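Now for the letters of each chain:
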Amino acid sequence: MTRKKLVSLLLFAHLFAIAVANFAPMGTPTAHRLYRLVAPYVHLTGQSQNWSMYQRPKPFDARIEVVSVHHDGHREHPLGTADGMPLRRLYFLESLFAGRPAHQQPVADAVLRRVEAQSPDGDTPRMVQISCIIRDTPPPGSAASIASQQYKPYHTFTLRQMPQPGDLP
Amino acid sequence: MFEPVSPLPLVVLRIVFGAYGFVYFLRLREPLTFAYGDQGLVRFGADLPRPIDLQFNLLTWLPLPSDLAVGIFVAAGCLSAVLVMIGLWVRVTGVVLWLLSLSAVASIHSNSGDAIVVVLAFLLMLAGLAGHSGACLSLDARQRVRRRGPVARTNQIPAWPVRLLQLQLIAIYFFTGVYKAMNVVWNQGEAMHYVFAQSSWSRMDLTWLDSYPSALAALTFGVLLFELLVFPVVVWFRRSRLAVLALGLLFHYGIAMTMKVFIFHEIMTVYYICFLEERHLRPIVDRLIRRFQPGARRRVTQNAVVD
């Protein structure tokens, strides 16, 4: 086999795998069967084709907050506020609330313990929380505006210390 | 796929992607340290990185948590990117850069922009293994010239590495558009209403556009038109190519100015180089070489490959 034929064959195989991987999310039985054939290649090479950017914009606005509450009652945002923290960190924290939050509990616990451990010596927070509040986005054209909607709690991961004498509520 | 083409677009893409890879790995230090450093999430019980079937991940082999291991990983990524950029041992460094990008992207909570970094690293690695991405403007090419003389090589490469890159970019736009169009909020022209309501990911408040539903519908359908038709079809026509690429930049930087995207606009800008041609790049490359290597003018114009 000449080098050109070999390269042609490899290119065809690659393009076939890419095409199948792109059609796979459509969920048709044929696409699914073919995807099983090419999955090892696309996973091994990192060529998974998941181009779903803004495919389903959320019908609500979510805001993430990481708060540590100290024994004297003062509150801090040890990882920064949602508007100021590094974007990758915000994206990661938001992922803790994607799907069923219970599945993310171990990672959320690790974030909480990390925040607690990084507090200055002798000032271990009484409570650390990662919370997500959401505000429904009314459909376009409805009488209610976005601004008129209230944020409501969606889910909170909490790490508490034993109460100490003199703790403020 | 095998017609001879100028190596310049592929070579310039290799150089720019190498430079971008250096910055990319430097910026990954923060999220990697957050998860895998001495005080990272792994130390506090997080089961990271989560294994992906069959996928290589160097971080699963490193002793974690460790700032040193993260530092070495980031330094290796930066170094391999620089070596790809200057074109030294491109066959090996291309593979290393791909493996490190694959590992990094599998170890952080990554998005589509990161996936494109891995796709580009893989396709450029293939081109490098075939000896095409280092065909000129590389230390490998310089060493070849020293060994064999400047007439030893032809100054063209087969088209397949560039075509592969171009087809992949088309697939990214087209399937993004297809999956959007299958969603009711996109095909009813309402998607941008919901996008602008994401306050944490907005750089400015654009919810006032709700008072102009036709403007929101125009933006929504404009995105679909660009992704499904304008880029995938019109970019192939040489006369309109630059206009489509300019429109693409406007599209991505428009999003980056209004929404908090982290790297998507950057990596797409890099990726667009694969659609440029010798006639677009040659004046820029010649000018840069003349500026940094004044004696090289004659050699550059006489033999595009060896220099």
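Just so we're clear, the structure is a prediction, and the values are computed from it rather than from any experiment.

## Here we look at the domain arrangement of chain A
Working step 1: The domain boundaries assigned to chain A delineate domain 1 (3-45) and domain 2 (60-160).
Working step 2: Of note, the centres of domain 1 of chain A and domain 2 of chain A, computed from C-alpha atoms alone, are 40 Å apart.

## Things to note about the interface of chain B and chain A
Working step 1: Counting residues at the interface gives 51 residues for chain B, matched by 52 residues for chain A.
Working step 2: Of all the secondary-structure elements, those providing two or more residues to the side of chain B that touches chain A are α1 (8-36), α4 (112-129), α6 (160-181), α8 (191-196) and α9 (213-234) of chain B.
Working step 3: In terms of residue count, the dominant contributor to the side of chain B that touches chain A is α6(B) (10 residues).
Working step 4: Within the side of chain B that touches chain A, the residues separate by chemical class into 30 nonpolar, 14 polar and seven charged.

## Digging into the sheet that holds strand β1 (residues 60-69) of chain A
Working step 1: If you walk across this open sheet you meet the four strands as β2-β1-β3-β4 (chain A), and the pairing is antiparallel. Each having just a single partner strand, β2 (75-76) and β4 (152-160) of chain A make up the two edges of the open sheet.

## Concerning the pairing of β1(A)
Residue and element names in this part refer to chain A.
Working step 1: The pairing of β1 with strand β3 (residues 127-136) spans 10 bridges and is antiparallel. Considered in β3, the bridge of V67 is made with Q129.
Working step 2: Where β1 folds back onto β2 in an antiparallel hairpin, the turn is made up of five residues, including G73, whose phi is positive at roughly 95°.

## A few points about the packing of α4(B) against helix α11 (residues 264-271) of chain B
All names here are of chain B.
Working step 1: Their axes nearest at 8 Å, the elements α4 and α11 cross at an angle of 30°. Considering the angle they form, α4 stands roughly parallel to α11. Seen from above, α4 lies across α11 with left-handed handedness. Contact with α4, carried on its side by S112, G113, I116, V117 and L120, involves F264, I267 and Y271 of α11 and no other residues of that element.
Working step 2: When the residues that make up the contact of α4 with α11 are grouped by side-chain class, the tally is six nonpolar, two polar and no charged.

## As for the domain arrangement of chain B
All names here are of chain B.
Working step 1: The assigned domain composition of chain B is domain 1 (1-157 + 296-307) and domain 2 (159-276).
Working step 2: Each partner contributes to the interface: domain 1 provides 23 residues, whereas domain 2 provides 19 residues.
Working step 3: Those elements that place two or more of their residues in the side of domain 1 that touches domain 2 are α1 and α4.
Working step 4: A per-element tally of the side of domain 1 that touches domain 2 places α4 first, with nine residues.
Working step 5: A per-class count over the side of domain 1 that touches domain 2 returns 18 nonpolar, four polar and one charged.

## Let's talk about the nonpolar core
Working step 1: Membership of the largest hydrophobic core comes to 96 residues, with the highest contact counts inside it found for B:L41, B:L120, B:A121, B:L123 and B:Y271.
Working step 2: Here this core takes 14 residues from α1(B), the largest share from any one element.
Working step 3: Discounting residues that sit within four places of it in the chain, B:Y271 has contacts with B:I116, B:L120 and B:L169.
Working step 4: With 11 residues, the next largest nonpolar core counts A:Y54, B:A191, B:M192 and B:V195 among its residues.

## Quick word on the confidence of the model for chain B
Working step 1: Of all residues in chain B, 94% attain a pLDDT of 70 or more, and the chain-wide mean is 90.
Working step 2: For the stretch residues 300-307 of chain B, pLDDT sits under 50, and the model shows 23 contacts to residues farther than four places along the chain or on other chains.

## Looking at the confidence of the model for chain A
Working step 1: Model confidence for chain A is summarised by a mean pLDDT of 86, while 93% of its residues fall at 70 or above.
Working step 2: Here β2(A) stands out as the element of chain A with the lowest mean pLDDT, 88, in contrast to helix α1 (residues 3-23) of chain A, whose mean of 93 is the highest.

## A few points about the packing of α1(A) against α6(B)
Working step 1: It is the contact of α1(A) with α6(B), at a shortest axis distance of 11 Å, that shows an interaxial angle of 10°. In terms of orientation, α1(A) lies roughly parallel with respect to α6(B). For the pair α1(A) and α6(B), the contacting residues are A:V7, A:L11, A:L15, A:I18 and A:N22 in the first and B:W160, B:L164, B:L167, B:Q168, B:A171 and B:F175 in the second.
Working step 2: Residue composition of the contact of α1(A) with α6(B), grouped by class: nine nonpolar, two polar and no charged.

## Quick word on unusual backbone geometry
Residue and element names in this part refer to chain B.
Working step 1: Each neighbour pair has its own omega, and for L48 with P49 the value is -5°, a cis peptide bond.
Working step 2: Among the structural elements, P49 can be located in the loop between α1 and α2 (67-86).
Working step 3: The step from L64 to P65 runs through a cis peptide bond, and the omega angle for that step is 5°.
Working step 4: Relative to the elements of secondary structure, P65 occurs in the loop between α1 and α2.
Working step 5: Even without a glycine there, the phi angle at W89 is positive, about 50°.
Working step 6: Within the secondary structure, W89 sits in the loop between α2 and α3 (90-107).

## Digging into α11(B)
All names here are of chain B.
Working step 1: Every buried residue belonging to α11 is among I267, M268 and Y271, and all of these are buried. Projected down its long axis, α11 shows its buried positions confined to an angular sector of 100°, all on one face.
Working step 2: Packed against the buried residues of α11 are α4, α6 and α10 (238-258).

## Quick word on the environment of B:L228
Residues and elements named next belong to chain B.
Working step 1: Of note, L228 is situated in helix α9.
Working step 2: The exposure class of L228 is partly exposed, given the 18 C-beta atoms found within 10 Å.
Working step 3: Along the sequence, L228 and F34 sit 194 residues apart, while their C-alpha atoms lie 38 Å from each other.
Working step 4: Discounting residues that sit within four places of it in the chain, L228 has contacts with F174, G177, V178 and A181.

Analysis parameters
- Residues numbered from 1 in each chain as written.
- Chains lettered and ligands numbered in written order.
- Predicted model: local features only at pLDDT ≥ 70, side-chain atom pairs only at ≥ 80, totals over all residues.
- Domains from an automatic or database assignment.
- Contact = placed C-beta atoms within 7 Å.
- Helix = DSSP H or I, 4+ residues; strand = E, 2+ residues; numbered from the N terminus.
- Nonpolar A, V, L, I, M, F, W, Y, C, P; charged D, E, K, R; others polar.
- Pairing = 2+ DSSP bridges.
- Axes fitted to C-alpha atoms, helices over the stretch in contact; angles between N-to-C directions.
- Parallel < 35°, antiparallel > 145°, perpendicular 65-115°, else oblique.
- Left-handed = near helix turned anticlockwise from the far one by under 90°.
- Core = buried A, V, L, I, M, F, W, Y, C linked by C-beta atoms within 7 Å.
- Buried ≥ 20, exposed ≤ 12 C-beta atoms within 10 Å, placed from the backbone.
- pLDDT = per-residue confidence, 0-100.
- Arc of directions from axis to C-beta.

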